[in-house]
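# Inside the fold
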Amino acid sequence: MKRYKLIPPVDELLKLDGIAACQDQLPPAFILERLRESVQELREALKKGMALASREEASSWIVEAFERRIRQMRGGSLQPVINATGVVLHTNLGRSPMPDAALQAINRLAAGYCNLEYDLEAGRRGSRYQHVEALLCRLTGAEAALVVNNNAAAVLLALTTLARGREVIVSRGQLIEIGGAFRIPDVMAASGASLVEVGTTNRTYISDFTRALNENTALLFSAHTSNYRVVGFTAETSLKELVELGQKNRIPVMQDLGSGILLDMSAWGLNDEPTVQEALASGVDVLSFSGDKLLGGPQAGILLGRRENIEAFKNNQLTRALRVDKLTIAALEASLLQYEQGDPVSSIPVLGMLAASQDILRERAQNLKAALDEQRPGLELKLLQVGDMVGGGAYPDKELQGWAVALALPDTGLEELNRRLRSGSPAVVARRQDERLLFSARTIGDDEIEALAEAVAAALKAVQTRE
Ligand SMILES: *Cc1c(COP(=O)(O)O)cnc(C)c1O
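Presented here is an overview of the structure given in this document. In this text, all values refer to a predicted model and were calculated from it rather than measured experimentally.

### So, the overall build of the chain
Tallying secondary structure elements over the chain gives 19 helices and 18 strands in all. The principal-axis extent of the C-alpha atoms belonging to the chain is close to 85 × 50 × 50 Å. Each of the 467 residues in the chain was classed as buried or not, and the buried ones make up 48%. Restricting to contacts in the chain with at least 6 residues of sequence separation, those with at least 24 account for 74%. Carbon and sulfur atoms provide 49% of the accessible area of the chain, an area that totals close to 22,800 Å².

Structure follows, in C-alpha cells:
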C-alpha cells in the first residue's frame, strides 16, 4: 500500500506543466478523465512490481502517460504506418495503398454532391452500379459486372443468389480459409447453400464432380487457393474441365479468384497466378475478386459474369446491405482507369512495388542508410539482400529478391526499440530477424525515408535514455 502514497492528488497533478498546458485547448472533463486513466495506469504498474523512488518520479511518470494518451487520442486511433516489412499486401497494415488518382477522385467528389444515383442526361434517378460496370467490362471482356463491399461479400451474394437451399459442389482441396475468418464452408453455410465436398485434400478429379451431380445441384464452385500450395502428389480439376461439365449439365460455374490481376506480370517474375481475363476466357459464368489486393484499388468485391447472373445479384435484397459508397466507387473507377488509359505499373503503388528493380531497391536502401547515418552517426548498419513477399494471400511461396537496411544493437534491447518504433509517430513496423531489425526498401516510399530515419533516431533516444 505504501508505494501508492507517492502518487500526488489529482488537483496537484492538474497544475503540472505537461498537463496544465492542455487546459486552454481541451475540455476540462476530457483532461480529467485522461489524467485519472494515467494515474490508474501507474497504479497497475506499481501493482505489477514497478518501483518508484519519489513523488517527483511518480509525477513525471503520470505526465508522460498523460501526454501519450492525449497524443494518441488527438490523432485518432487510425494513423499512418511506415511499412518496412517488405510485405507488399500487408493485410494488417491496410493491404493496398491507393493510387494518387484514386485519392484525387475522392477529393474531387467526396466533399460535395455527385451523380451517384442520378442520371444527368435524363434528369432522373440512376444507378450507383452503372459507374464502373462498363469500364470493368471493357477491361476484362465480361458481359456484366457488379461491385460490392468486398470479395467475401461478393462470394456470399453469389452463393446465396444462385444456390440458396440447394447444393454447391467444391473440391476438398479448395475448402480454404483466408485471413480474417473467411472460410469457404462457413460462407457456404451463411449463404444457405449446402456444401458438397468431393475428392481429397491433395487430389480431385472431374469424375468426382460428375459423380456428385444431381437434380439439386445449383453450382460448381472453385476457390483459387491463393494463400497456400499443395505440393507433391496432387491433382486439381481445371476451370476448363469444370466449365465443360457445367455446360453439359446446364449448371453455372463460379470461381472465387481472390486477387484480381488485370495485368500480365510475368515480366516481373509473377506468372503463376491467372489473370482475370484468363479466368473469364475459360468460360466461367461468375468470377469474383477483390478491388484491392493485386488490383491495387480500394477495398471492394467485384463480380463479373453473364448478364443474367449479374442481374440476379443486383435484384437480391442482400445487395442493398453490401452496397459500396461513393468513395469506393470514385476510388475504384479512378484505379481502373489507370489500367485502361494510364501506365498502371507506375501509377498503382502495389504494382510499382512488385515491379521495382534491384537497382531501385538497392538505391533506396542506400538512401535510407545514409539518412540513418546522418541522424545517428555510429550506428551499426548494413545493406542486406532480403526476401520480400507479395502478401495478402497471394504467391505464398514466392520470395521477391529485395534490399534492406539491417540495424544491429549489440547490447541494448532490440525488442524495446521495435516497440518504441511501433508506438512512435509516424509508427514504423519493421522486420525482426535474429539480433537485427530490417527495414526493407520495397515497401518504403522515397518520400518516407526522412521520416523513417527520424523515427528510428527518436526511438533509439527514448530507449537509451530510459536505461
Ligand atoms: C482474399 C480472398 C477473399 C476475401 O476477400 P476480401 O476482399 O478480403 O473480402 C476471398 N477469397 C479468396 C480466394 C481470397 O484470396
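What follows picks up the thread again.
### Section: the layout of surface pockets
Counted as a void, the largest pocket has a volume near 1,100 Å³. Together, 38 residues line the largest pocket, and P97, M98, P349, M353 and E448 are the ones closest to its centre. Within the residue set of the lining of the largest pocket, elements represented by two or more residues are strand 1 (81-83), helix 5 (100-110), helix 15 (344-347) and helix 16 (349-355). Grouping the constituent residues of the lining of the largest pocket by class yields 17 nonpolar, 13 polar and 8 charged. Volume-wise, the second largest pocket comes out at about 740 Å³. Lining the second largest pocket we find 25 residues, and of these R68, R71, R420, S423 and G424 sit closest to its centre. For the lining of the second largest pocket, the secondary-structure elements that each account for two or more residues are helix 4 (55-75), helix 18 (414-423) and helix 19 (449-466).

### A look at the packing of aromatic side chains
Scanning the model with the defined rule gives 0 aromatic pairs in all. The ring of F30 is capped by R34, whose NZ or CZ atom sits 4.7 Å from the centre of that ring. The ring of W403 is capped by R362, whose NZ or CZ atom sits 4.6 Å from the centre of that ring.

### Here we look at empty space enclosed by the protein
Scanning the model with the defined rule gives 1 cavity of 30 Å³ or more in all. The wall of the largest cavity is formed by I261, L262, L263, M265, L270, L294, Y339, L351, L354 and Y395. Class assignment of the residues belonging to the lining of the largest cavity gives a composition of 10 nonpolar, no polar and no charged.

### A closer look at the site of the ligand
Taken together, 13 residues sit near the ligand, with R95, A152, D256, S290 and K293 positioned nearest. Contact distances for the ligand include 3.0 Å between an oxygen atom and a side-chain N or O atom of R95. Within the side chain of K293, an N or O atom sits 2.8 Å from an oxygen atom of the ligand. For the ligand, the protein covers 93% of the area, taking 390 Å² as the surface of the free molecule. Within the residue set of the shell around the ligand, elements represented by two or more residues are helix 7 (151-163) and strand 11 (253-258). In the shell around the ligand, the residues fall into 4 nonpolar, 6 polar and 3 charged.

### Regarding the pairing of strand 12 (residues 286-290)
Here strand 12 lies mainly inside the structure; 5 of its 5 residues are buried. Side chains V286, S288 and S290 project from strand 12 onto one buried face, and the interleaved L287 and F289 project onto a second face that is buried too. Bridge count between strand 11 and strand 12: 4 bridges; the pairing is parallel. Looking at strand 12, one finds that M254 is bridged to V286.

### A look at the environment of Q317
The residue Q317 is located in the loop between helix 12 (307-315) and helix 13 (318-321) in this model. With a relative accessible area of 68%, Q317 lands in the exposed category. A C-alpha to C-alpha distance of 32 Å links Q317 and E340, two positions 23 residues apart in sequence.

Cut-offs and rules
Residues numbered from 1 in each chain as written. Predicted model: local features only at pLDDT ≥ 70, side-chain atom pairs only at ≥ 80, totals over all residues. Heavy atoms only, no water. Helix = DSSP H or I, 4+ residues; strand = E, 2+ residues; numbered from the N terminus. Buried < 20%, exposed > 50% of the residue type's maximum accessible area, 1.4 Å probe, protein only. Contact = heavy atoms within 4.5 Å. Areas by Shrake-Rupley, 256 points an atom, 1.4 Å probe, with all protein chains shown as cover. 1 Å grid on protein atoms, 1.4 Å probe; cavity = no way out; pocket = protein on both sides within 12 Å on 5 of 7 lines; lining within 4 Å. Points joined across faces, edges and corners; volume = space filled by probe spheres on them. Nonpolar A, V, L, I, M, F, W, Y, C, P; charged D, E, K, R; others polar. Phe/Tyr/Trp six-rings, centres within 6.5 Å; stacked < 30°, edge-to-face > 60°. Lys NZ or Arg CZ within 6 Å of the ring centre and 35° of its normal. Near = heavy atom within 4 Å. Polar contact = N/O pair within 3.5 Å; in protein donor to acceptor, adjacent residues only side chain to side chain. Pairing = 2+ DSSP bridges.

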